[in-house]
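Residue-level structural notes
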Number of protein chains: 2
Amino acid sequence: LLYIALLCLVVLWFLGVRNRDPDRYEAMRQTLNNYEFQLKEEKLLIAEKLRMIKKDCQIWDPELPVIYIITPTYARPVQKAELTRLSHTFMLVQNLHWILVEDSDFHTPLVTNFLSNTHLNYTHLIAPTPAEWKRKEKEPNWVKPRGVLQRNRALDWLRQNLNPDTHKGVVYFADDDNSYGLEVFQEMRYTKEVSVWPVGLVGGLMVEKPEIDKTTGRVIGFNSVWKPERQFPLDMAGFAINLQHLLKHPEARFQLSVKGGWQETELLRHLTTRERLEPMADNCTKVYVWHTRTEPPKMAEEEKLKAKGYSSNLGMEV
Amino acid sequence: LLYIALLCLVVLWFLGVRNRDPDRYEAMRQTLNNYEFQLKEEKLLIAEKLRMIKKDCQIWDPELPVIYIITPTYARPVQKAELTRLSHTFMLVQNLHWILVEDSDFHTPLVTNFLSNTHLNYTHLIAPTPAEWKRKEKEPNWVKPRGVLQRNRALDWLRQNLNPDTHKGVVYFADDDNSYGLEVFQEMRYTKEVSVWPVGLVGGLMVEKPEIDKTTGRVIGFNSVWKPERQFPLDMAGFAINLQHLLKHPEARFQLSVKGGWQETELLRHLTTRERLEPMADNCTKVYVWHTRTEPPKMAEEEKLKAKGYSSNLGMEV
C-alpha cells in the first residue's frame, strides 16, 4: 500500500510540475510585459502626433491671446468674393474672432449666409452710414470718411462684451480687400500696447513703414510721403492694439469730422506716443500686409440685360 | 526510509504548490489582460480622434483623386500679395498639387522663397513668353494671348510625370487674381471627363453660366453675351478636366495663334462636346468662383523717389 501511495505521490508531483510549468508562465509574463511596453510607446507616439496635428490644425487654445479682427464691409458685386478669400486666411489663424460690421440698415442675407457657412468664430454687426455721409456714385473714395461708424460699432461691442481684467487679446482693423500673410497675426498676438509694421503698396509707395533707430530699436519716424505731417502716418493695416489697453481708454474712437488719412492718428493719439510704439516684423524690415484693391468689375452686358428686364444672376447669390 | 521519502515528497509537493501559486499568476495575467484591453480601447479612441482631426486638417489621403492646379504668374507689384491669399485657399483643400508657372527666364527668388515657405505640395516651373508675344506697357490686356506658354508648360509636365493608368486626379486652371470658394474644389474632384459650373463677375455679366435642360440635366447652351458664337463660351475658371482623360489626349493644348477668348474652346474641342459636359454646382445654380481683378497700385510717390535715386523697398521683398 505504501508503495502504491508513494507511486501516487510521485505521479501527483510529476503532474504538478507539468501543470505549474513555471517556464511557460515566465514566458507569458515576459510577452505580456513586452506587449505592455510596446503599447505604452505607441500611445506616446500617437499622443505626440495628435499634439503636432492639433498644432497644425489651429484648434482654439484657451491660453493664447485672442485676435479680434474688425472688418467694415458693404454690398457691391465683389463683396462675397472678397469676404471668401479673406475668410480663408482667417481660417488658418489660431484663436481668431472676426467682427464683421456691415454698412447696412439690416443684417443682409448674403453676409449672414456667408458667415454661417464659415467655421470661424464671428460676431455679425450692422452700422448704417447716414445718407449725408455716404459716398456718391462718381465721388472719389477719399472725399468722405469710410468705415468710421462701422469700426466704432465694433469698438463699442468690444467694450460692452469683454472684461479688461480677464480677456487677453489684441485688436486689428482688416479691410476686406487687403491681403494678409499669416505672419502678421503671429507678430501682433502679444502686443503690449500698440505694435506697428510695414504695409506694402500704399501711399503711392512700394512700402510704407516706420523708421527704426538701430541702437535703441525704437520708432523714430516714418517713411510716408503722403501727409507726412500726421502724428501717426501709417495705414489702418499697419498696427494692432492690446485689448486690455484699448478697453482702458474708452475715449479712443474714430471721428466722422476728421479729415481723410487722419483716422489712424485720431485713434492712436489716445493710446500711445511714437516713442512707445512696438516695432514688429523683424524691426520693420519685412512686408506681411499689402494694401491691395479690387477693380469694380465691368458690367456693360449686365446693364444691357437689365434694360431689357433680365439679369444674369436671377435667383443666384454671386 | 520509505516514510522519510514519503514525507520528503509531501514537503516537496507542498513547496511546489506554494511556488507555483497559480492564483497569483492568474491574477497577474488577468490584470495584464485588462490593461491590454484598456490600451486597445484607448488606441482606437486616439486613432478615431486622429482620423477626425486629419479630416479637418486636410492631410494627404492616398485614396482621394489629386487636384492639379495650374497657375501662370508674372512679376508685378501685387504678385506676392495675390499668391499669398491664393495659397491660403489652397491650404484648406485636401490632396492639392499646385503647378505654378512663371513667365520668366529663370525661377525668380520671390516665387522660389514664397513657395518654399508654404506647406503646399507644389511644382515650380518657368516658361518665358518671347518678346514679340509680350504685352506692351499701354496695350490693353486682351490684345496678346496671355498664359498660353505657361499653361502648356504645365500640361507638358503632367504628361511627362504622371501615369494615365495609375494617377487619379483632375486638372484645373486657376489664375492668381481670381477668388475661389472651397466648394469648387469639392465639386471638381470626381470629374469623369470635363465638368463645368458658373463663374461670377466675368464677360460683362454678374454671372456667366452653362444653361441646363431641367429634364435631362445636360448642358444645352451658355448664357454668355460676349462672343456667344464660341463652341465653349466659358471662362478658364469655369471647368475642370479628368487627369487620365487629359493624358489620353496629347493633342489638347493652348495655341498662341488663337484669338482672345478662344483658348478655352481650343483646348476643350479635343476633349469633349457640349453634350458630354458634366454640370456641377447644383446644376449650375451656384457661384463658387469669381473672376476678380486686382488694381495695379498707384506708384506716383515711388516714381518720384526713383527719380531721386531712392526706393521705399530697398532690400525688402514686397
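Treat the numbers as computed from the prediction; the structure is a model and nothing was measured.

A separate point is the packing of aromatic side chains. A complete count under the given rule lists 18 aromatic pairs over all chains for this structure. Consider the rings of Trp98(A) and Phe114(A), whose centres lie 6.2 Å apart with planes at 85 degrees: the pair is edge-to-face. Taken as a pair, Trp98(A) in strand 2 (residues 96–102) and Phe114(A) in helix 4 (residues 109–117) lie far apart in primary sequence, 16 residues in all. Its relative accessible area of 0% is what places Trp98(A) among the buried residues. Take Phe114(A): its relative accessible area is 8%, and that puts it in the buried class. Each ring, one from Tyr180(B) and one from Phe185(B), has its centre 6.4 Å from the other, and the planes form 50 degrees; the classification is tilted. Overall, the relative accessible area of 1% leaves Tyr180(B) in the buried class. These aromatic residues form a ring-pair network of at least three members: Phe90(A), Trp98(A), Phe114(A), Tyr172(A), Tyr180(A), Phe185(A) and Trp197(A). Sitting over the face of the ring of Tyr74(A), Arg76(A) holds its NZ or CZ atom 4.5 Å from the ring centroid.

The positions UniProt marks with the feature "binding site: Mn(2+)" (unreviewed entry) are Asp177(A). With respect to the helices and strands, the residue Asp177(A) is situated in the loop between strand 4 (169–173) and strand 5 (179–180). Setting aside anything within four residues of it in sequence, one finds Asp177(A) in contact with Glu82(A), Thr292(A), Arg293(A), Thr294(A) and Arg85(B).

What follows concerns the interface of chain B and chain A. Between chain B and chain A, the contact holds 77 residues from the first and 78 residues from the second. Together, the buried faces of chain B and chain A total about 7100 Å²; carbon and sulfur atoms form 74% of this surface. For the pair chain B and chain A, the number of links is 2 salt bridges. Two residues, Arg293(B) and Glu295(A), come together in a salt bridge whose shortest N-O distance is 3.3 Å. For the pair chain B and chain A, the number of links is 20 residue pairs in polar contact (both at pLDDT 80 or more). For the side of chain B that touches chain A, the secondary structure elements donating two or more residues are helix 1 (2–20), helix 2 (22–57), helix 3 (79–91), strand 5 (179–180), strand 7 (199–202), strand 8 (205–208) and helix 10 (300–307) of chain B. With 17 residues, the top contributor of residues to the side of chain B that touches chain A is helix 2 of chain B. Looking at the side of chain B that touches chain A residue by residue, the classes come out as 39 nonpolar, 17 polar and 21 charged.

Calculation rules
- Residues numbered from 1 in each chain as written.
- Chains lettered and ligands numbered in written order.
- Predicted model: local features only at pLDDT ≥ 70, side-chain atom pairs only at ≥ 80, totals over all residues.
- Heavy atoms only, no water.
- Phe/Tyr/Trp six-rings, centres within 6.5 Å; stacked < 30°, edge-to-face > 60°.
- Helix = DSSP H or I, 4+ residues; strand = E, 2+ residues; numbered from the N terminus.
- Buried < 20%, exposed > 50% of the residue type's maximum accessible area, 1.4 Å probe, protein only.
- Lys NZ or Arg CZ within 6 Å of the ring centre and 35° of its normal.
- UniProt positions renumbered as here; feature names shortened; annotations may be inferred.
- Contact = heavy atoms within 4.5 Å.
- Buried area = accessible area lost by both parts, 1.4 Å probe.
- Salt bridge = Lys/Arg side-chain N within 4 Å of Asp/Glu carboxyl O.
- Polar contact = N/O pair within 3.5 Å; in protein donor to acceptor, adjacent residues only side chain to side chain.
- Nonpolar A, V, L, I, M, F, W, Y, C, P; charged D, E, K, R; others polar.

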